[in-house]
Amino acid sequence: MHKKVSIEILEKWLTGWSLSRALPLPTSHKTGFKVNVGDEKQKMRYVFSEPDAFFLHLAESIDEPWVFLKVCTCFDDFKDKIPDRWILQPQGYMMSCLGLMKIPDTVCLPRGYTLEFESYPSAFVAKIMTKTGEQAAIGRVVIVDDIAIYDRILTEKEYQRKGLATFLIKQLEKIALSKKVFKNFLIATEEGKMLYEALGWEVYSFYTSIVIPSKI
Ligand SMILES: CC(C)(COP(=O)(O)OP(=O)(O)OC[C@H]1O[C@@H](n2cnc3c(N)ncnc32)[C@H](O)[C@@H]1OP(=O)(O)O)[C@@H](O)C(=O)NCCC(=O)NCCS
């Protein structure tokens, strides 16, 4: 059963996301938030908990490409209320693990790989490297108040399904636990969702993105 995402959770998650990517922090926009992402293909993102009147007003008034609207619900809930120029992006999921993840303490790094850590003012980055110095997997965690936000977890294609992401997430979880943070949140892709469900996470809500991809 999906939950309604509170403004508090949304703001903390988006703050963690912005910190993880060294972007400006989110600012309030009506009932949602805005992040000035500044990429050519993602100038700005507006993130809302619900497709309310303010969200729908943005969908009506924006005609500029590469401004993303994101909302914690499924597309069917609002697709008939927005102009046709908006294009649905691959489905995302807000996921949570409100307690310990289901990863045994005995989980270990497969032979031939090494773990590296980098610590930034607001983000911890873990990397798994191969013997030849190639990056096999990477991921980040950011702590915002009482929640840990995981971001950009990736295992390179040729190293997938060897347990690398599982090991990496376990190391990131240890960082959160060392700061007495037990509530974990992230936005998952379809592929990520399968990984996190295997690790004891649950879908908290849909996370749907729409954008106008080119000049109309
Ligand atoms: C998702 C991703 C990080 C998984 O990395 P990984 O190192 O292959 O994951 P693990 O080997 O630790 O997988 C552990 C378990 O998760 C589940 N799982 C992971 N990837 C899966 C997939 N593509 N399909 C189904 N189940 C999957 C399985 O239960 C797996 O155990 P098994 O291999 O014994 O069946 C990797 O596929 C990836 O980088 N994808 C592209 C980027 C992406 O989507 N990142 C997630 C952002 S939220």
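Since we're looking at a predicted model, the values are computed, not measured. (Residues numbered from 1 in each chain as written. Predicted model: local features only at pLDDT ≥ 70, side-chain atom pairs only at ≥ 80, totals over all residues. Heavy atoms only, no water.)

Caption draft 1: Representation of the packing of aromatic side chains. Counted under the stated rule, the structure contains 10 aromatic pairs. With a centroid separation of 5.5 Å and 70 degrees between ring planes, the pair formed by tryptophan 13 and tyrosine 207 is classed as edge-to-face. Of the two residues, tryptophan 13 is situated in helix 1 (residues 7-20) and tyrosine 207 in strand 12 (residues 202-211); the sequence distance between them amounts to 194 residues. Summarising the burial analysis for this pair, tryptophan 13 and tyrosine 207 share the class buried. Seen in terms of ring centroids, tyrosine 113 and tyrosine 159 are 6.1 Å apart; in terms of plane orientation they differ by 90 degrees. Their pairing is edge-to-face. Of the two residues, tyrosine 113 sits in strand 7 (residues 113-119) while tyrosine 159 sits in the loop between strand 10 (147-155) and helix 3 (164-178), which places them 46 residues apart along the sequence. For the pair tyrosine 113 and tyrosine 159, one class covers both residues: buried. Chaining the aromatic ring pairs together yields one cluster made of Phe48, Phe55, Phe75 and Phe78. (Phe/Tyr/Trp six-rings, centres within 6.5 Å; stacked < 30°, edge-to-face > 60°. Helix = DSSP H or I, 4+ residues; strand = E, 2+ residues; numbered from the N terminus. Buried < 20%, exposed > 50% of the residue type's maximum accessible area, 1.4 Å probe, protein only.)

Caption draft 2: Fine view of the pattern of salt bridges. Enumeration over the complete set of coordinates arrives at 9 salt bridges. A salt bridge links glutamate 50 to lysine 4; the shortest N-O distance between them is 3.4 Å. In this pair, glutamate 50 is assigned in the loop between strand 3 (44-48) and helix 2 (53-61) and lysine 4 in the segment before helix 1, connecting sequence segments 46 residues apart. Using a relative accessible area of 39% as the deciding quantity, one classes glutamate 50 as partly exposed. The closest approach of N and O atoms between glutamate 197 and lysine 193, which form a salt bridge, is 3.5 Å. Taken together, the residues glutamate 197 and lysine 193, both in helix 4 (residues 190-198) and 4 residues apart, mark about one turn of the helix. Put simply, Lys12, Asp146 and Lys183 are held in one network by salt bridges that share partners. (Salt bridge = Lys/Arg side-chain N within 4 Å of Asp/Glu carboxyl O.)

Caption draft 3: Here's a closer look at the site of the ligand. Neighbouring residues of the ligand: 19 residues in total, closest Thr155, Arg161, Gly163, Thr166 and Thr189. In the environment of the ligand, an oxygen atom lies 2.7 Å from a nitrogen or oxygen atom belonging to the backbone of arginine 161. Lysine 162 places a polar main-chain atom, nitrogen or oxygen, 3.3 Å from an oxygen atom of the ligand. Contact with the protein chains hides 74% of the accessible area of the ligand, taken as 900 Å² for the molecule alone. The cavity that encloses the ligand is the largest pocket. Those elements that place two or more of their residues in the shell around the ligand are strand 10, helix 3, strand 11 (183-188) and helix 4. No other element matches the 6 residues that helix 4 contributes to the shell around the ligand. By residue class, the composition of the shell around the ligand is 10 nonpolar, 6 polar and 3 charged. (Near = heavy atom within 4 Å. Polar contact = N/O pair within 3.5 Å; in protein donor to acceptor, adjacent residues only side chain to side chain. Areas by Shrake-Rupley, 256 points an atom, 1.4 Å probe, with all protein chains shown as cover. 1 Å grid on protein atoms, 1.4 Å probe; cavity = no way out; pocket = protein on both sides within 12 Å on 5 of 7 lines; lining within 4 Å. Sits in = over half its atoms within 2 Å of the grid points. Nonpolar A, V, L, I, M, F, W, Y, C, P; charged D, E, K, R; others polar.)

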